[in-house]
Amino acid sequence: AQTVTQSQPEMSVQEAETVTLSCTYDTSENNYYLFWYKQPPSRQMILVIRQEAYKQQNATENRFSVNFQKAAKSFSLKISDSQLGDTAMYFCAFMIGQGAQKLVFGQGTRLTINP
Amino acid sequence: EPEVTQTPSHQVTQMGQEVILRCVPISNHLYFYWYRQILGQKVEFLVSFYNNEISEKSEIFDDQFSVERPDGSNFTLKIRSTKLEDSAMYFCASSEGYGGGSSYNEQFFGPGTRLTVL
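Residues numbered from 1 in each chain as written. Chains lettered and ligands numbered in written order. Predicted model: local features only at pLDDT ≥ 70, side-chain atom pairs only at ≥ 80, totals over all residues. Heavy atoms only, no water.

Trainee: In this structure, what is going on with the overall build of chain B? I would like to understand it.
Mentor: On a plain count of helices and strands, chain B comes out with zero helices and 11 strands. Secondary structure elements of chain B occur, N-terminal to C-terminal, as β-β-β-β-β-β-β-β-β-β-β. The C-alpha atoms of chain B give a radius of gyration of 14 Å, which matches the 13 Å a tight globule of 118 residues would have. Structurally, chain B occupies a C-alpha span of about 45 × 30 × 30 Å along its principal axes. Within chain B, the fraction of its 118 residues that count as buried is 46%. Partitioning the intrachain contacts of chain B with sequence separation of at least 6 by distance along the chain shows that 56% fall at a separation of at least 24. For chain B, the exposed surface amounts to about 5800 Å²; the carbon and sulfur share of it is 45%. Distance from the positive charge centre (9 side chains) to the negative charge centre (15 side chains) of chain B: 6 Å. (Helix = DSSP H or I, 4+ residues; strand = E, 2+ residues; numbered from the N terminus. Rg over C-alpha atoms; globule rule 2.2 N^0.38 Å. Buried < 20%, exposed > 50% of the residue type's maximum accessible area, 1.4 Å probe, protein only. Contact = heavy atoms within 4.5 Å. Areas by Shrake-Rupley, 256 points an atom, 1.4 Å probe, with all protein chains shown as cover. Lys, Arg positive; Asp, Glu negative; His and termini not counted. Charge placed at Lys NZ, Arg CZ, Asp CG, Glu CD.)

Put into structure tokens, the structure is as follows:
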């Protein structure tokens, strides 16, 4: 079974700072995908960034980037130049590349950006 | 931009009552999912659905739960006899494909239905 662990229940930074959220996962699969989802107070789940395990290059989306370490089974999210609108719960998630493509989520990190 | 919609946004029910949560997936999507999130906890997979049948279900998805695509546009989750512990946010998601190998299809989430069981 796949598991996803986020060891930081809460984080808080000042606006414009850079923050890194940690995620580790456990799987015996070789073909899989990793995601970071943002859940603002509205509780809508919004995809922030995704990474295919077969790609060595780390994914980036504007101010968001990941550090994917496959051997260490680590998948951290870096938010640069943080903004007040980044305040949200952030969930790391895992999906097997074949068969039932259910998402397995971590426990979440509550990120607060302070003015 | 196409989006997944869910109704109602909030449902309050008495323990033991039946509830039906409704979702309208994105029109060209073929794969549908239900997830739930108990307040303050992580999002958990319930069930996936394709070609009018369940593809996979979790341990949570017991005989009290059922899913249906009654009319080609709606995708519903029914809880036959609600329990207090069913109180949660229920998210519907849909994806265009269900590819294997190295293919991937993003799951688009609806805004959720907050279910409160009293």
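Trainee: Is there a simple way to explain the nonpolar core in this structure?
Mentor: Buried together is how nonpolar side chains tend to be arranged in soluble globular proteins. The biggest cluster of nonpolar side chains holds 28 residues, and the ones touching the most others in it are A:Y25, A:W36, A:F75, A:L77 and A:Y90. Looking at which element gives the most residues to this core, the answer is strand β10 (residues 88-96) of chain A, with five residues. Beyond its immediate stretch of four places on either side in the chain, A:L77 contacts A:V19, A:T20, A:L21, A:W36, A:I49, A:F64, A:S65, A:V66 and A:Y90. Listed in part, the 21 residues of the second largest apolar core include B:F49, B:L77, B:A88 and B:L115. (Core = buried A, V, L, I, M, F, W, Y, C linked by side-chain atoms within 4.5 Å.)

Trainee: Explain the packing of aromatic side chains to me, please; I cannot follow it from the model alone.
Mentor: Remark: the centre distance and the inter-plane angle together describe each pair of aromatic rings, the angle taken between the planes. This model, assessed by the stated rule, comprises 20 aromatic pairs over all chains. Judged by centre distance (6.2 Å) and plane angle (20°), the rings of A:W36 and A:F75 are stacked. Placement of A:W36 in strand β5 (residues 32-39) and of A:F75 in strand β9 (residues 74-79) is noted, with a sequence separation of 39 residues between them. A:F75 matches A:W36 in its accessibility class, with the two residues each being buried. Each residue in the set A:F35, A:Y37, A:F91, A:F105, B:Y33, B:Y35, B:F45, B:F91 and B:F109 is aromatic and connected to the rest through ring pairs, giving one cluster. (Phe/Tyr/Trp six-rings, centres within 6.5 Å; stacked < 30°, edge-to-face > 60°.)

Trainee: It is not clear to me how the pairing of strand β5 (residues 43-50) of chain B should be interpreted in this structure. Could you clarify?
Mentor: Successive side chains on a regular strand alternate, one facing one side of the sheet and the next facing the other. Residues and elements named next belong to chain B. Counting buried positions along β5 gives six out of eight residues, so the element sits mostly inside the fold. Pairing of strand β4 (residues 31-37) with β5, which is carried by seven bridges, proceeds in the antiparallel orientation. Paired with Y33 across the bridge in β5 is S48. Judged from the four bridges that link them, β5 and strand β6 (residues 53-57) form a sheet pairing that is antiparallel. Its bridge partner being in β6, S48 is matched across the sheet by E56. Hairpin geometry of β5 and β6 is characterised by an intervening segment of two residues between the two adjacent antiparallel strands and by a positive phi of about 55° at N51. (Pairing = 2+ DSSP bridges.)

Trainee: Quick question: what am I supposed to make of the pattern of salt bridges here?
Mentor: Any two side chains of opposite charge can pair, given that their charged atoms come close. As enumerated under the stated definition, the model contains six salt bridges over all chains in all. In this structure, B:E56 engages A:K102 in a salt bridge whose closest nitrogen and oxygen atoms are separated by 3.1 Å. One end of the pair, B:E56, is in strand β6; the other, A:K102, is in the loop between β10 and β11 (103-105), on a second chain. Under the relative-accessibility criterion, B:E56 is labelled partly exposed at 23%. A:K102 gets classed as partly exposed once you look at its relative accessible area, which sits at 25%. (Salt bridge = Lys/Arg side-chain N within 4 Å of Asp/Glu carboxyl O.)

Trainee: For this particular structure, what's the right way to read the layout of surface pockets?
Mentor: In this approach a probe as big as a water molecule rolls over the atoms, and the regions it shows empty are the leftover space. Within this model, the largest pocket holds a volume of roughly 320 Å³. Taken together, 14 residues form the lining of the largest pocket, with A:Q2, A:K102, A:V104, B:K42 and B:F45 sitting closest to its centre. Mapped by element, the contributors of at least two residues to the lining of the largest pocket are β1 (3-5) and β11 of chain A together with β5 of chain B. (1 Å grid on protein atoms, 1.4 Å probe; cavity = no way out; pocket = protein on both sides within 12 Å on 5 of 7 lines; lining within 4 Å. Points joined across faces, edges and corners; volume = space filled by probe spheres on them.)

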